[in-house]
Amino acid sequence: MVMEEIQVAPPQAEEVRIKIVASAVCHTDLYHLFERMHKDGFPVVLGHEAAGVVESVGPGVTEFQPGDHVIPLFVSQCRECRFCKNPKTNQSRMLTSTESRFTCRGKKVLQFMGTSTFSEYTVMNQVSVAKIDPTAPLDKVCLLGCGVCTGFGAAVNTAQVEPGSTCAVFGLGAVGLAAVMGCQFAGAKKIFAVDVNPEKFEKAKVFGATDFLNPKDYDRPISAVLAELTAGGVDFSLECVGNVEVMVSLPTCEGLGGQCAGRMDDVATRPIVLIAGRTWKGSLFGGFKSKDGVPKMVQAYLDKKVKLDEFITHNMSLEQINEAFEVMKQGKCIRTVISVSPQ
């Protein structure tokens with residue numbers, strides 16, 4: 001990535017221009033940069049997990065005014081379509097415009113996930129912005145723009161973990177740790193934290209994990225280990241790695257009738273695994289209806305019901321963005337928060 005001076009056009013109808021104060025680095029940004037290397041996705045301003053202040057609004061905007069503290073959303077919520085009115089989904093038929101308001105030296109620059117928060121300013125449709133409590137620290141609640149809501153919601157909203165249950169969470173990055181926190185929040189009695197990096201276990205304990213498993217320590221599938229330790233399998237398992245092989249193994253970690261939530265991508269399994277009553281679910285943004293759910297999560301943080309500070313291992317400037325990506329590639333951070341511009 002390179003630092004460039006760009007032009008950010010004024011907001012058009014139904015749009016707001018946001019001054020980004022803080023933006024965390026998420027693995028999705030890393031994926032786009034290093035694994036989606038084809039010309040259609042570039043040049044682009046990355047970043048999507050952020051918080052900022054409304055700088056100006058376009059015609060027809062009634063919900064926001066300059067000075068409002070907000071979190072950009074990569075999942076929109078219009079509150080009017082049949083999907084938004086359906087409590088069973090957080091999808092919206094109202095998709096935001098894909099037209100970017102960015103230009104650099106006269107040429108169009110793409111907007112990433114409809115957000116692009118590694119920029120001092122960005123322009124977004126009002127259906128993809130959540131107004132939050134102005135007392136909340138933006139360099140902390142920015143994490144609620146993606147990773148923490150994704151993991152926490154996967155446990156609480158999608159899997160609907162029950163009090164007294166036994167859970168297994170695979171992968172202890174920010175999403176996985178948030179899933180651990182969600183399992184504890186929901187009242188799980190036993191939470192197995194599974195990762196090939198044992199250095200993550202101490203952090204997982206902070207978020208509520210009770211037991212720790214490193215697959216490298218066993219000469220048999222971790223699903224067999226879990227089945228042995230739980231007299232038949234866990235009640236809920238959550239895949240937070242983004243690995244298809246791990247996703248496929250999730251149902252085999254559970255007892256009959258168990259549930260698992262994961263990020264689905266070209267997966268296949270034997271029908272018998274599900275016939276017995278297990279449920280296999282995908283989870284986008286933790287199942288949160290974005291404009292409704294994010295402000296509630298901000299309030300939960302202010303009420304000390306959920307943790308955010310504990311996810312942050314590094315703080316860097318926008319000029320250090322490549323260093324922040326390198327730290328993530330090496331697995332040396334949970335979340336790095338980038339200071340984009342002063343509040």
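Predicted, not measured: the structure shown is a model, and the values here were computed from it.

**Quick word on helix α4 (residues 174–185)**
Relative to the 16 Å expected for twelve residues at 1.5 Å per residue, α4 spans 16 Å between its end C-alpha atoms, a close match to the ideal helical length. Among the twelve residues that make up α4, ten are buried, leaving the element largely enclosed by the rest of the structure. Among all positions in α4, only A174, V175, G176, L177, A178, A179, V180, M181, G182 and C183 are buried. The inward-facing, buried residues of α4 abut α3 (147–158), β10 (166–170), β11 (190–194), α5 (201–206), β13 (234–239) and β17 (335–339). Where α4 ends, the next residue or the one after it, G187, has phi of about 95°, a positive value.

**So, the packing of aromatic side chains**
Per the counting criterion, the structure on display carries six aromatic pairs. Seen from their ring centres, F118 and F325 are 6.2 Å apart, and the 75° between their planes marks the pair as edge-to-face. One end of the pair, F118, is in the loop between β7 (107–111) and β8 (121–125); the other, F325, is in helix α10 (residues 321–329), with 207 residues separating them in the sequence. Just as F118 is buried, F325 falls in that class too. Taken together, a centroid distance of 4.4 Å and an interplanar angle of 40° make the contact between F207 and F311 tilted. Separated by 104 residues along the polypeptide, F207 in the loop between α5 and β12 (211–213) and F311 in the loop between α9 (290–302) and β16 (312–317) bring together distant segments of the chain. Using a relative accessible area of 0% as the deciding quantity, one classes F207 as buried. By relative accessible area, which is 0% here, F311 ends up buried. Through a chain of ring-to-ring contacts, three or more aromatic side chains come together here, namely F74, F285 and F288.

Criteria and thresholds
- Residues numbered from 1 in each chain as written.
- Predicted model: local features only at pLDDT ≥ 70, side-chain atom pairs only at ≥ 80, totals over all residues.
- Heavy atoms only, no water.
- Helix = DSSP H or I, 4+ residues; strand = E, 2+ residues; numbered from the N terminus.
- Expected span 1.5 Å × (residues − 1).
- Buried < 20%, exposed > 50% of the residue type's maximum accessible area, 1.4 Å probe, protein only.
- Contact = heavy atoms within 4.5 Å.
- Phe/Tyr/Trp six-rings, centres within 6.5 Å; stacked < 30°, edge-to-face > 60°.

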